[in-house]
Amino acid sequence: MARRLDLPTADRLRGLAGGMLGLMSSSFTTSDGVRIAYQQVGAGDPPIVFIHGIYGSRQAFANQEEYFSPNHRCIAVDLRGHGESDKPDQVYSMAGYADDVAELMRHLELPPAVMVGHSMGGQVVISVAARHPELVCAVASLDSPSNMPGWQKRFHSPFDHLITFDGPYREGVHRFLAAAYLPTDDPSWVGGLEERLAGIPDHMIVRAWDAMKAYEPSDTLRRMTCPYLYVDSGQPDLHFDLLREHCPQVVVGKTVGAGHKALQDVPDQINAMLDRFIRHAEGIAAEMVRTGGVFRYNFPDR
């Protein structure tokens, strides 16, 4: 299992990625001419496709690639406009991100894969599952509260007037992202937030936010039929009953003592939940449907 190392977090993640045997970085060009960067490591089915969050990159999943690559082919993608992928100044959308990922999966000739998305990546992976169900066998969203119908309107909209081309968009994004941390989290994530955002082009700060602002998950959730794991890391006002109305097969997990960067702060917790879910996805989904979202022991009736 991935262990926490006594190194600064960014250095630790680069070290993990650089030290994995067989890690291959590459790119492919979409049908509309945009270069998408990705990396892959490991072997075994089902493959796992990792999708990062807004303003992030594929490097976020180093701990998960290290853990799962001995038994699974792992592919981590830089979404259009992020990381080392091309960043055209255009309108972005969850459907567009999802179609890029699906095109890459077909290019790689993957069998049905487990899709794992963090934050905004959680909207992308459910969009892949809804739009391209033949490519997906299970989905996991990690701290992706915008997957909850209505959440975005309550918590994103107060920032929308700031994050425009005419507004203080970098300040607005910083204020929004800095709120998603707990007192127990690695303080370097908040402390280094401004420096990390400095590497994001101005147009992508606004364009990526607009893609999230325009997204409403209800139809996507209703269309998604594969097993679904949602992992919460402390986001406020999550209506899981409403999520189950749209997606009755969902199973909910929760991290302990870690906020939005749980992938890095408590990788053992994340990896254990993902591992168990991947091994038993169909059975877990069936139990969620049968019981209405709870696990129950099967004591005999008296």
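About the criteria used
- Residues numbered from 1 in each chain as written.
- Predicted model: local features only at pLDDT ≥ 70, side-chain atom pairs only at ≥ 80, totals over all residues.
- Heavy atoms only, no water.
- Helix = DSSP H or I, 4+ residues; strand = E, 2+ residues; numbered from the N terminus.
- Rg over C-alpha atoms; globule rule 2.2 N^0.38 Å.
- Contact = heavy atoms within 4.5 Å.
- Axes fitted to C-alpha atoms, helices over the stretch in contact; angles between N-to-C directions.
- Parallel < 35°, antiparallel > 145°, perpendicular 65-115°, else oblique.
- Left-handed = near helix turned anticlockwise from the far one by under 90°.
- Nonpolar A, V, L, I, M, F, W, Y, C, P; charged D, E, K, R; others polar.
- 1 Å grid on protein atoms, 1.4 Å probe; cavity = no way out; pocket = protein on both sides within 12 Å on 5 of 7 lines; lining within 4 Å.
- Points joined across faces, edges and corners; volume = space filled by probe spheres on them.
- Pairing = 2+ DSSP bridges.

### A closer look at the overall build of the chain
- Secondary structure assignment for the chain yields 15 helices and 8 strands.
- Relative to the compact-globule value of 19 Å for 302 residues, the chain shows a C-alpha radius of gyration of 18 Å, a close match.
- Overall, the chain is about 65 × 45 × 45 Å in size when its C-alpha atoms are taken along their principal axes.
- Considering only intrachain contacts with a sequence separation of at least 6, the fraction spanning at least 24 residues in the chain is 71%.

### Points about the packing of helix H7 (residues 169–178) against helix H10 (residues 202–213)
- Contact pair H7 / H10: the axes reach a minimum separation of 10 Å and the direction vectors enclose 55 degrees. Considered as vectors, H7 and H10 are oriented oblique to each other. The two elements H7 and H10 cross, and the hand of that crossing is left-handed. Across from Tyr-169, Arg-170, Val-173 and Phe-176 in H7, the residues of H10 making contact are Asp-202, Ile-205, Val-206 and Trp-209.
- For the contact of H7 with H10, the class distribution of residues is 6 nonpolar, no polar and 2 charged.

### Examining the layout of surface pockets
- Approximately 360 Å³ is the volume attributed to the second largest pocket.
- Taken together, the residues of the lining of the second largest pocket sort by class into 14 nonpolar, 10 polar and 1 charged.

### Digging into the sheet that holds strand S4 (residues 74–77)
- Strand order in the open sheet formed by 8 strands is S1-S2-S4-S3-S5-S6-S7-S8, and the pairing between neighbours is mixed. The sheet is open, and its two borders are formed by strand S1 (24–29) and strand S8 (250–254), each paired with just one other strand. Averaged over all pairs of adjacent strands, the angle between their axes in this sheet comes to 20 degrees, without regard to strand direction.
- Of the pairings in the sheet, the one linking strand S7 (residues 228–232) to S8 comprises 5 bridges and is parallel in character. By the bridge assignment, Asp-232 is partnered in S8 with Lys-254.
- Most of the contacts of helix H14 (residues 267–279) go to S7, to which it runs at about 165 degrees, and overall it touches strand S3 (48–51), strand S5 (113–118), strand S6 (136–142), S7 and S8.

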